[in-house]
Amino acid sequence: MEALPNNWEDIQPNTVYLSTSGLLVSFASEQIKFALKYDQNGKHLKAIEKVQVPPRGSVGLVTSQESGYDLKSKVLGKGGERRFHAKFIDSILHFPGLVTEH
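Reading the values: the criteria
- Residues numbered from 1 in each chain as written.
- Predicted model: local features only at pLDDT ≥ 70, side-chain atom pairs only at ≥ 80, totals over all residues.
- Heavy atoms only, no water.
- Helix = DSSP H or I, 4+ residues; strand = E, 2+ residues; numbered from the N terminus.
- Rg over C-alpha atoms; globule rule 2.2 N^0.38 Å.
- Buried < 20%, exposed > 50% of the residue type's maximum accessible area, 1.4 Å probe, protein only.
- Contact = heavy atoms within 4.5 Å.
- Core = buried A, V, L, I, M, F, W, Y, C linked by side-chain atoms within 4.5 Å.
- Salt bridge = Lys/Arg side-chain N within 4 Å of Asp/Glu carboxyl O.
- Pairing = 2+ DSSP bridges.

Visitor: Could you clarify how one ought to interpret the overall build of the protein in this entry?
Guide: A count of helices and strands for the protein gives two helices and eight strands. Sequence-ordered secondary structure for the protein, helices as α and strands as β, is β-β-β-α-α-β-β-β-β-β. Computed over C-alpha atoms, the radius of gyration of the protein comes to 12 Å, within 12% of the 13 Å expected from 2.2 N^0.38 for 102 residues, which places it in the range of a compact globule. Projected onto its principal axes, the C-alpha positions of the protein cover 30 × 25 × 25 Å. A buried classification covers 44% of the 102 residues belonging to the protein. Counting contacts in the protein only where the partners sit at least 6 residues apart, residues at least 24 apart contribute 36% of the total.

Rendered as structure tokens:
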């Protein structure tokens, strides 16, 4: 299994990657397109590597409030206004392309 790349340009759609924390993740092409537009510094990839964190003052994954989604990426500083939402499908955290500003 391939390690999760450090930048969005190296991520292939619907390929399962292994994060350093042991989490299996995959991304739809729509998610990669949004990430290339909104996350040029890879902050959301770093958040995904950290797995679940407390909702305040931390970078990582937090519980999603969107119906049908389990977790969302949370970053601080520039780029922190957007969240990438994901859902577990067969033990793989899949990011289909839902991006919100909360």
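Picking up where we left off.
Visitor: Got a minute to help me understand the nonpolar core in this structure?
Guide: In a soluble, globular protein the nonpolar side chains are often hidden away together inside. Counting 17 residues, the largest nonpolar core has L4, I11, V25, F27, L93 and F95 as its most contacted members. Going through the elements one at a time, β3 (24-27), α1 (29-38), α2 (43-49), β6 (83-89) and β7 (92-95) are the ones with two or more residues in this core.

Visitor: Can you walk me through the pattern of salt bridges in this structure?
Guide: Pairing is possible between side chains of opposite charge, provided their charged atoms come close. Summed over the entire model, instances satisfying the criterion amount to three salt bridges. Close ionic contact of E30 with K33 constitutes a salt bridge, the shortest N to O distance being 3.5 Å. Of the two residues, E30 and K33 are both situated in helix α1; the distance of three residues between them amounts to about one turn of the helix. R82 is the partner of E81 in a salt bridge, and the nearest nitrogen-oxygen pair spans 3.1 Å. According to the relative accessible area criterion, E81 is partly exposed, its value standing at 40%. Salt bridges linked by common partners bring E81, R82 and E101 together as one network.

Visitor: I tried to follow the pairing of strand β5 (residues 71-74) on my own but got confused; where do I start?
Guide: Both faces of β5 are covered, namely the face carrying L71 and S73 and the face carrying K72 and K74. Where strand β4 (residues 60-63) and β5 come together, four bridges link them in antiparallel fashion. Considered in β5, the bridge of L61 is made with S73. The pairing of β5 with β6 spans two bridges and is antiparallel. Residue pairing across strands places K72 opposite H85, the latter belonging to β6.

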